[in-house]
Amino acid sequence: MSDSSQDILEPLRDSLVNKPPYVSGTLPLSPDDLRLSYDGPELACSAIDFTKATDEQLAALARACQPATFGLDQKDVLDESYRKAGKMDAAHFLTPIVPERTDLHTIIRNDLLDGENSTRPIRFELYKLNVYGKDSFFKAHIDTPRSETMFGSLVLVYPTEHEGGALVLRHRDEEWTFDSAQAVKNQATLSVGYVAFFSDVEHEVSLVQAGYRVTLTFNVYYDEVEAVEVPPTTVANHTSIKTEMEALFRDPTFLPSGGLLGFGLQHVYPVEKTLDHVHKVLKGSDAVVWRVCSELSAKPKIYLVYGDPEDGYYRVIIDKVVQEDDPIHEGFIYRLLEDKRAIMVDNFLDGAEAENITPVTWVMKPEATRTKVKTPFIAYGNEAWLTCTYGEACIIASVPAFEIRQQA
Ligand SMILES: O=C(O)CCC(=O)C(=O)O
Ligand SMILES: [Fe+2]
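For the protein, an unreviewed UniProt entry supplies the name Fe2OG dioxygenase domain-containing protein and the organism Hericium alpestre. The heading Sequence similarities (unreviewed entry) in the UniProt record of the protein holds the text "Belongs to the iron/ascorbate-dependent oxidoreductase family."

Here it is, written out as structure tokens:
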């Protein structure tokens, strides 16, 4: 791709702005909501009131937990150098907190989701109780997707006195910190700390230096995804992205004979067997790119991306899910290429011929870090993989030749 075509893509690239992939704060709750019943020793029912929990009571809750495992390469493992915390499965405790009946429902729809996504029904599934005593932590991981419609995780932090244990969130090259201990300290009204983030956000719980940090985690889903045919738009972004795309389409030097325009997606999405659902669950600017490409008759399509320059082979895109245990292996890329639906879009082999390459003009370069199973990124989940995995995907749009664009 020439430098000049890079330059004319700059305004479009700059218009793809995303807001932070999380929301956090404190949520006032009634004293009743801060009670919790749980299976104590020998399944005897125990209870704790977080408005006045003593150290002994918190220690008893910690003892009733099991050591928390995490998912590594499709197995649940216990490794206290990676995750040191206690966990209790949802079957073993009861909480009166129903996120749907709190402001969290509105906060997540309005402040985390955008545009029409904000009006889609969402549903919360109580997942686990975690107790982090002194010296506990959970290193960087992404939460294991439990279905194709799961889009995020919600963590509630009880107002117990503790130090440390901040949740550090990372997405692309940015990092944010939510200091839950600080958030729940000296609250004028009884509150829990909350943080909700998109599922592909890497996060870690830093070392708890003192006290007990007790959290509830929830998986958050879109409900009724089948009903949504057109992807939702981010209202604020839609106009600017559309304006920049239209300007490019009017430019006679931009893909004069037509061609493929590629957008590496900003989020990764859970995929199971097909990619058919992905355009219905796109987030942020990814959703807008799809919408704008459709509006400009550029026939957008979702592909998974495999191979990156570090591997030194090829970059390949494919519009279906190919199940294999070890996609990082060299042979996998070749097997993909034997498949008629895989398209070679880059060749990283030194001195190799470029004849089979289908040129793609990338607005955002795709990444294939998470379609390589062996990277720590995909390897560390909060549970072993179920049926879903994450796919690093891109949108490929077909830009018509300039003559045809002019007639549109
Ligand atoms: O307890 C927390 O703050 C987060 C826990 C977590 O990341 C998980 O359970 O996956
Ligand atoms: Fe997590």
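**Considerations on the environment of Leu260**
Among the structural elements, Leu260 can be located in strand β20 (residues 259–264). Since its relative accessible area comes to 21%, Leu260 is described here as partly exposed. In the structure, Leu260 is positioned 99 residues away from Pro359 in sequence and 7.0 Å away in space, judged by C-alpha atoms. With residues near it in sequence (within four places) discarded, Leu260 still touches Leu255, Thr358, Pro359, Val360, Thr361, Ile396, Ala397 and Ser398.

**Observations concerning the sheet that holds strand β28 (residues 393–399)**
Here 6 strands make up an open sheet; going across it, the order is β24-β23-β22-β28-β20-β25 and the pairing mixed. Lying at the two open borders of the sheet, with one neighbouring strand each, are β24 (343–347) and β25 (360–364). Taking the axes of each pair of neighbouring strands and ignoring which way they run, one obtains an average angle of 35° across the sheet. Pairing of strand β22 (residues 301–306) with β28, which is carried by 4 bridges, proceeds in the antiparallel orientation. Looking across to β28, one finds that Leu304 is bridged to Ala393.

**Some thoughts on the coordination of the iron ion (ligand 2)**
Here the iron ion (ligand 2) is held by the protein donor atoms His141 (NE2), Asp143 (OD) and His203 (NE2), which lie 2.0 to 2.2 Å from it. Taken in sequence order, the residues that donate to the iron ion (ligand 2) follow the motif H-x1-D-x59-H.

**So, the sheet that holds strand β10 (residues 122–132)**
Read from one edge to the other, the open sheet built from 7 strands follows the order β1-β16-β12-β19-β10-β8-β4, with strand pairing classed as antiparallel. Strands at the two margins of the open sheet, each flanked by one partner only, are β1 (22–28) and β4 (66–67). Here β10 runs beside strand β19 (residues 213–222); their pairing, made up of 10 bridges, is antiparallel. When the sheet's bridge partners are listed, Asn130 is paired in β19 with Thr215. Strands β1, β10, β12 (150–157) and β16 (191–198) of the sheet are contacted by helix α3 (residues 104–112), whose axis makes an angle of about 35° with β16.

Rules of the game
- Residues numbered from 1 in each chain as written.
- Chains lettered and ligands numbered in written order.
- Predicted model: local features only at pLDDT ≥ 70, side-chain atom pairs only at ≥ 80, totals over all residues.
- Heavy atoms only, no water.
- UniProt positions renumbered as here; feature names shortened; annotations may be inferred.
- Helix = DSSP H or I, 4+ residues; strand = E, 2+ residues; numbered from the N terminus.
- Buried < 20%, exposed > 50% of the residue type's maximum accessible area, 1.4 Å probe, protein only.
- Contact = heavy atoms within 4.5 Å.
- Pairing = 2+ DSSP bridges.
- Axes fitted to C-alpha atoms, helices over the stretch in contact; angles between N-to-C directions.
- Donors = N, O, S within 2.8 Å, 3.2 Å for Na, K, Ca; no water.

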